Amino acid sequence: MRRIDLSNFQVATSETARDINRRIVLNLIRTHQPISRADLARHSGLQRSTVSVIAEQLIKERWITEGANGHTPRGRRPRFLHLNKERVGIIGINVRPGTTTLALADLDANFLSQDSLSTPQDPKQFLTELVPRVQKLMDSRTELTCEGIGVSLPGRVDLATKQIVFAPNLGWRDFDLKTPLEEATGLSVELENAANSCALSEICFGRRAEGLRNLVIVTVSEGIGCGLILNHQLVQGSTGTAGEFGHAALIQDGLECSCGNRGCWEMYASNLAAVRYYSQASRGRQSATAEKTISFDHLLQLAGQGDSKAVEALEQMARYLGLGIAPLVAGLAPDMIVIVGEVTRAWHRVGPIIKDTIRRHSFTRAETQIVPSDPITQPRLRGTIALVLLKHFGAPAIA
Ligand SMILES: [Zn+2]
């Protein structure tokens, strides 16, 4: 149930109905392609003539094309419709503190080509290095019309100003990435937090997307972020910063965090935390300031080889992951929580500990599934494609 916001509504016009039907048809084509007009009419309940009008419009705008003739037992052979993968491209950019990955994707979110660069500490320098690479990707497939650019960030973007306002692991603050990137490329740019991007990727392209209504994504990397989909809708909060559970204090008077607070969840359950546990155990001291000596990848490798200190570090990380997820399960009762990050490579080890900790710390009867994401799907990057596509494929904002 959702009340009508009387300070921000759109009254329904005949255009509203057309827009809704068009989006339904476009989504049906995406999920059922190749599909005939007759089947579209059957699936949507729309008149055959309405489907034809919408299809013609979508063909004209190059979102879909007509393919080979289909086969029916008798009568006219229908021409199948499918998304125009060969015509429309989307640029996705996944920014992380170490490496930024770029990709050119088609309408089905298949990556056609990828590139990467080291992420400079200075955001202006980042722009200087990024723009020619975006141009190169666009030029690599000149037959594609680029529809836009989606950017996933380890931080939050202000809803009103579209500036990056909170990215402690990047060290960028109040920086406008959108305007200069739009000016340099001539494309519209959508920015979103990495966890939110992953959430959009899961509901748009995920294997388990069908029927998924309430979803929480927990991205575990240098920090921890959460993306919330409640009732099919991305939760952004009043300013766009919703989901920062990673910076909610889990431990009173705990370790100092890059956000300026103490005892944040991510200080105990992120990749950096696991590396710190390992360093402390290796040095035989409890100092919280032990510098990281190995990468998280290396730690996973050591744990895989049976190194007991590495195993214990991962298990400690898993316990804290469970401890932070438990209130999300109890408080939101989502259908599913998907954990994204390198740690899922050791799911056989960390998964049972995470689930057991959640079970012991949340006493509601929520039937929440706790699952790892499939790293092959590159959810952070794929979510950037969803960001651009949802402008055309997402539910329209009404009332
Ligand atoms: Zn913090």
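Basis of the calculations
- For every chain, the first residue of the written sequence is number 1, and numbering continues from 1 along that sequence.
- In keeping with the predicted nature of the model, local features appear solely for residues at pLDDT of at least 70, side-chain atom pairs appear and are counted solely at 80 or more, and the whole-chain, interface and lining totals rest on all residues.
- Hydrogens are left out, water is left out, and the side-chain values use all remaining heavy atoms of the structure.
- A pair of strands is treated as paired once DSSP finds two or more bridges between them.
- By definition, any uninterrupted DSSP run of H or I lasting at least four residues is a helix, any uninterrupted run of E lasting at least two residues is a strand, and each is numbered from the N terminus.
- If you view a crossover with the strands going away from you and the path from the first strand over the helix to the second runs clockwise, you call it right-handed.
- Salt bridge criterion: a side-chain nitrogen from Lys or Arg within 4 Å of a carboxyl oxygen from Asp or Glu.
- Working definition: with a 1.4 Å probe on protein chains only, accessible area under 20% of the residue-type maximum means buried, over 50% means exposed, and in between means partly exposed.
- Atoms of type N, O and S within 2.8 Å of a metal are treated as its donors, and for Na, K and Ca the window is 3.2 Å; water is not considered, so some sites may appear to be missing partners.
- Excluding any residue in a salt bridge, patches collect residues exceeding 30% relative accessible area, merging like charges within 9 Å and nonpolar Val, Leu, Ile, Met, Phe, Trp and Tyr side chains within 5 Å.
- Here the accessible surface of atoms and residues is derived via Shrake-Rupley with a 1.4 Å probe, and residues count as covered only by protein chains that are part of the display.
- Note on geometry: axes are lines fitted to C-alpha atoms, helical ones only across the stretch in contact, with angles between N-to-C directions running from 0 to 180 degrees.
- A contact between two residues is defined here by any heavy atoms of the two lying within 4.5 Å.

Q: What is the right way to look at the pairing of strand 14 (residues 369-372) in this model?
A: When a strand is regular, its side chains alternate between the sheet's two faces. Across four bridges, the pairing between strand 13 (residues 336-340) and strand 14 is parallel. Following the sheet pairing, Ile339 is matched in strand 14 by Pro372. Once the chain exits strand 13 it traverses helix 11 (residues 347-361) before rejoining the sheet at strand 14, and the crossover so formed is right-handed.

Q: It is not clear to me how the pattern of salt bridges should be interpreted in this structure. Could you clarify?
A: Close approach of charged atoms allows side chains with opposite charge to pair. Scanning the entire structure with this criterion turns up 21 salt bridges. A salt bridge links Arg23 to Asp19; the nearest nitrogen and oxygen atoms lie 3.1 Å apart. Placement of both Arg23 and Asp19 in helix 1 (residues 14-32) is noted, with a separation of four residues, approximately one turn of the helix. Relative accessible area serves as the criterion here: at 15%, Arg23 is assigned to the buried category. A relative accessible area of 24% places Asp19 in the partly exposed class.

Q: In this structure, what is going on with the coordination of the zinc ion? I would like to understand it.
A: Reference values for angles at a metal are 109.5 degrees in the four-donor tetrahedral case and 90 or 180 degrees in the six-donor octahedral case. Looking at the metal site, the zinc ion is ligated by His247 (ND1), Cys257 (SG), Cys259 (SG) and Cys264 (SG), spaced 2.0 to 2.3 Å from it. We classify His247 as buried; its relative accessible area is 12%.

Q: Help me out: how do you make sense of a nonpolar patch on the surface in this one?
A: A surface patch of nonpolar side chains, about 430 Å² in accessible area, is lined by Ile4, Leu6, Phe9 and Val11. For Leu6, the position within the fold is in the segment before helix 1. Judged by relative accessible area, Leu6 falls into the exposed class, the value being 64%.

Q: When you look at the sheet that holds strand 3 (residues 88-95) in this model, what are you seeing that I'm missing?
A: Sheet strands pair by backbone hydrogen bonding; their relative direction is either parallel or antiparallel. Spatial ordering of the open sheet is given by 5-4-3-6-9, a layout of five strands whose pairing is mixed. The sheet is open, and its two borders are formed by strand 5 (111-118) and strand 9 (189-193), each paired with just one other strand. Averaged over all adjacent pairs, the angle separating strand axes in this sheet is 20 degrees, with direction ignored. Across six bridges, the pairing between strand 3 and strand 6 (residues 145-153) is parallel. Within strand 6, the residue paired with Gly92 across the bridge is Gly150. Against the sheet, helix 6 (residues 194-205) engages strand 6 and strand 9, with an angle of about 105 degrees to strand 9.

Q: In this structure, what is going on with the sheet that holds strand 12 (residues 233-234)? I would like to understand it.
A: Strand order in this open sheet of five strands is 12-11-10-13-14, and the pairing throughout is mixed. If you trace the sheet from one side to the other, it starts and ends with strand 12 and strand 14, each paired once. Examined bridge by bridge, strand 11 (residues 224-230) and strand 12 share two bridges and lie antiparallel to one another. Following the sheet pairing, Leu230 is matched in strand 12 by Gln233.

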